[in-house]
Amino acid sequence: MKTIEIIRTAQPSEKILSLKNKMFEEKRFMSLEQAHIITESYKKNEALSTAKKRAHSLAAAMDFLHIAIDPEELIIGNRTAGVRAGVVFPESGISWIDKEIETLHCRPQDKFNVHPEDIKEFRQFILPYWKGKSLEDTIRAEGAELIDCIAKVVKINQKDHAQGHICPDTEKWIRLGPAGICKEAETYLKKEKDPAKIEFYECVIEVLNGARRFMRRYADLASEMQKTTVGKNKANLAEIERICRKLASDAPECGAETFREALQALWFLYVLLQMESNASSFSPGRADQYLYPYYRSDIDNGTLNDESALELIEALWLKFNQIVYLRNSHSAAFFAGFPIGFNIALGGIKEDGSDASNELSYLFLKAQEHLGLPQPNLSARLHEKTPEPLLNECAAVIGKGSGMPQVFNDESIVPALIAQGISEKDAKNYAIVGCVELTTHGNNLGWSDAAMFNLPKVLELALNDGVCLLTGQQLGPKTGTLKDFKTYEDVEKAFQTQIDYFFDKMISACEVVEKVHQRILPTAFLSSVINDCLEKGIDVTAGGAHYNLSGIQVIQPANIADSLAALKQLVYDEKKISQKELLQALRTNFKDAENLRAVLLNDAPKYGNDIGWVDNIANKWIVYFSDKFKGLKNYRGGRYHTGMYTVSAHVPMGANVGASPDGRLAGTPLADGGQSAVYGRDINGPTAVLKSVSRIDSSRGSNGTLLNMKFLPQFFKTQEGIRKFSAFLRGFVRLKINHAQFNVVRKEDLLAAQKNPEAYRSLTIRVAGYTAYFTELAVDLQNEIIARTSYDDI
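For clarity, every value in this text was computed on a predicted model and none was experimentally measured.

Student: Which parts of the structure should I look at to understand the layout of surface pockets?
Tutor: To find leftover empty space, a probe the size of one water molecule is rolled over the atoms. Looking at the largest pocket, its volume works out to about 740 Å³. Lining of the largest pocket is provided by 34 residues; of these, D148, A151, K155, K159 and H330 occupy positions nearest its centre. Mapped onto the lining of the largest pocket, the elements with two or more residues apiece are α5 (95-100), α7 (135-149), β3 (154-156), α15 (329-334) and α28 (650-655). Considering every element that reaches the lining of the largest pocket, the biggest residue donor is α7, with 6 residues.

Structure (structure tokens):
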């Protein structure tokens, strides 16, 4: 492929490097501007329905938010005039802002500077109106008792922000533009008699017209800036004006026609989705597929070459890093490092099963190699027929150390999605949203981050009569203590009972959250780019999408396998440790029991070392948990299914778990990832890890799975190293493991970054399904990443 040879020696342009440096120099601040506009709009429209108020407030934001253009930018637009601002969204969450606004600048994780005048405005104008009305406050009012009673075991998500984790129909948006989709909505409106559906279409039309005005504002600004600009920047501003006016047009040809127009249209879509919902993980999906016709057309007619295409892609990549997400301090610990989750997938299979990779697949990889930034979250879809050049290119870019691309396996994922009721066509065209969550293109509200279920905490309760080892509270049902269990099977029975107890309450809590979302946060703009919503006349939050899944994360099978293996072998089979002795050690966090702890750590086999019976324990409980979803329907009428990933939750969730039978001390992190071994316990090398993970039924991870692995940089310094790693990826595909991601870094560099963060400001690290700047992570998470096992060979 000619493109591979051309880009092999390509370097980022001066323009791209200049824009990247300017982005780094701008400090992060909390932004109240949209919150002010939303509040004013709601006050003016008190008599209207929530759906109408939402549409009016979004349109007002499109009309009045301050906008800016850097004359060097090739792709323009943002939801704030500055970059990397944390937007306050009062419809979703307001009470937590009230509690934390003075400490946002100094909290341990994901800091934001705050202007003193914004604190005053927040307390005097925004908070008084929204107190008790927001999504957060409503969920607290209606579900606090239920959510709080399971909080030590289950983290219920989406309680103070809108549901993202969606792959909209970006191809349709690029092709038709807002005017084309608006015409479709108008056609349905003319035929509709149902008042609720009429209102839905009216809201869609209002926000789509607002989107066109938003784009025109950028065209007008570019026009004004040309009056005082000279040289290449003036010509660039003229092209920006032309593109924005074209995309905002109501003419039939308002959709994109050129590659740059398509990239600009794509970016406007994601800016507008963020303006409506302020949610994480709106993802473009398989951009190398739907952008390819625009690229190919421009290449063929001579208006584009690979170097200029790469510069445009890198300009878009920079924009993905200019939107970050403001979370409360509790959630920031679970989702550390501003993971906004713009996930782009490359490669994979076509509908006929053939390889789908093209020139853009390679250009995307080159852009990641050049920039090394956390966003977009670049994912490579691999399969049996993935070409060797693409595999080698993925390996080479992974070796550069940005943690990307992460890899996904079509051979296991497509069947897993089909098993969840996804059509074969949609399954083959799957996308990834956020970190590692699996979805379909443009027709799915997957609610993939509904809850996290802490299995090690449940095992703790099963061994201690339902009583928390850390607080002494009775959290679960009384099922006896370890010294009461005569057999290993008795332990399993108590564990099962505790799972069942918290599982049922978790489902009820998820329903509370979904009900409130439907009432408080209807999303007309998002609904316009999710298939079936317009056909049905139903908002996406109310079940308008073609697929309506809900994903629950089960955490952490590695700790469960290690703990139950230790109990089975050392306590019940070999009787090296008595039940009473171990229970006392757990209750005292191994005080005066270091020898016993050493036996647990060293004499019991561990998950991640290709020991079949231990790995099968992990699979047994994943299967048991996922089977409990059979026949259940979520509030939108769709299925529940299981994921195995933690984001960064293994640290705060571990802080909430007492000492465990695997020798882990109370309060220390759980295993990272979701299918990874406990750090330091995978001692038989990376191939053994893959074999262990392959024993977990991949079909039980249809919501997404996560395997973290860490390699040393020297492994990738030679062509032989690249070749061996490519072969390792082939093995990953053959073993039908859904996902793997790789950190390529030296422990010494991470330690140096802790001591001198300014010198390592641009060092990125793979956390758990996403990449973040290492120096922006809290110390406890940094330490956990440093402790992960590193491999220097395969």
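Student: What exactly am I supposed to notice about the environment of L632 here?
Tutor: Position of L632 relative to the elements: it lies in the loop between α27 (612-627) and β11 (640-643). By relative accessible area, which is 29% here, L632 ends up partly exposed. C-alpha separation for the pair L632 and I507, spaced 125 residues apart in sequence, amounts to 9.2 Å. For L632, the residues in contact, after removing those within four places along its chain, are F503, I507, G638, R639 and Y640.

Student: Mind showing me how you'd approach the pairing of strand β4 (residues 343-347) here?
Tutor: Each regular strand displays side chains that alternate between the two surfaces of the sheet. Most of β4 is tucked away: 5 of the 5 residues are buried. As judged from the 5 bridges shared by β4 and strand β5 (residues 377-382), these two strands associate in the parallel manner. If you follow A345 over to β5, its bridge partner there is S379. Crossover handedness for the path β4 to helix α16 (residues 359-371) to β5: right-handed.

Student: Teacher, can you tell me more about unusual backbone geometry here?
Tutor: Most peptide bonds take the trans configuration, and most residues that are not glycine carry a negative phi. For the peptide bond that leads from Q375 to P376, omega is -5°, which places it in the cis range. Relative to the elements of secondary structure, P376 occurs in the loop between α16 and β5. Following M404, the chain continues to P405 via a peptide bond in cis, the omega torsion being 0°. Topologically, P405 is positioned in the loop between α17 (388-398) and β6 (406-409). Residue K575 is not a glycine yet carries a positive backbone phi of 55°. On the accessibility criterion, K575 (62% relative accessible area) is exposed.

Student: Explanation requested: the packing of aromatic side chains in the structure shown.
Tutor: Here the distance between the centres and the angle between the planes together describe a pair of aromatic rings. Under the criterion given, the structure shown has 37 aromatic pairs. An aromatic cluster of three or more residues is present, and its members are F711, F715, F716, F725, F728, F742 and Y791. Just above the ring of Y430 sits the side chain of R381; from NZ or CZ to the centre is 3.8 Å.

Student: When you look at the sheet that holds β5 in this model, what are you seeing that I'm missing?
Tutor: The strands making up a sheet are joined through hydrogen bonds of the backbone, oriented either antiparallel or parallel. Spatially, the 6 strands line up as an open sheet ordered β4-β5-β6-β13-β12-β16, and their pairing is mixed. Strand pairing shows two members of the sheet lacking a second neighbour, β4 and β16 (790-791), which therefore form its edges. Sheet strands in contact with α16 are β4 and β5, and its direction is about 130° off that of β4.

Cut-offs applied
- Residues numbered from 1 in each chain as written.
- Predicted model: local features only at pLDDT ≥ 70, side-chain atom pairs only at ≥ 80, totals over all residues.
- Heavy atoms only, no water.
- 1 Å grid on protein atoms, 1.4 Å probe; cavity = no way out; pocket = protein on both sides within 12 Å on 5 of 7 lines; lining within 4 Å.
- Points joined across faces, edges and corners; volume = space filled by probe spheres on them.
- Helix = DSSP H or I, 4+ residues; strand = E, 2+ residues; numbered from the N terminus.
- Buried < 20%, exposed > 50% of the residue type's maximum accessible area, 1.4 Å probe, protein only.
- Contact = heavy atoms within 4.5 Å.
- Pairing = 2+ DSSP bridges.
- Right-handed = clockwise from strand over helix to strand, strands pointing away.
- Phe/Tyr/Trp six-rings, centres within 6.5 Å; stacked < 30°, edge-to-face > 60°.
- Lys NZ or Arg CZ within 6 Å of the ring centre and 35° of its normal.
- Axes fitted to C-alpha atoms, helices over the stretch in contact; angles between N-to-C directions.

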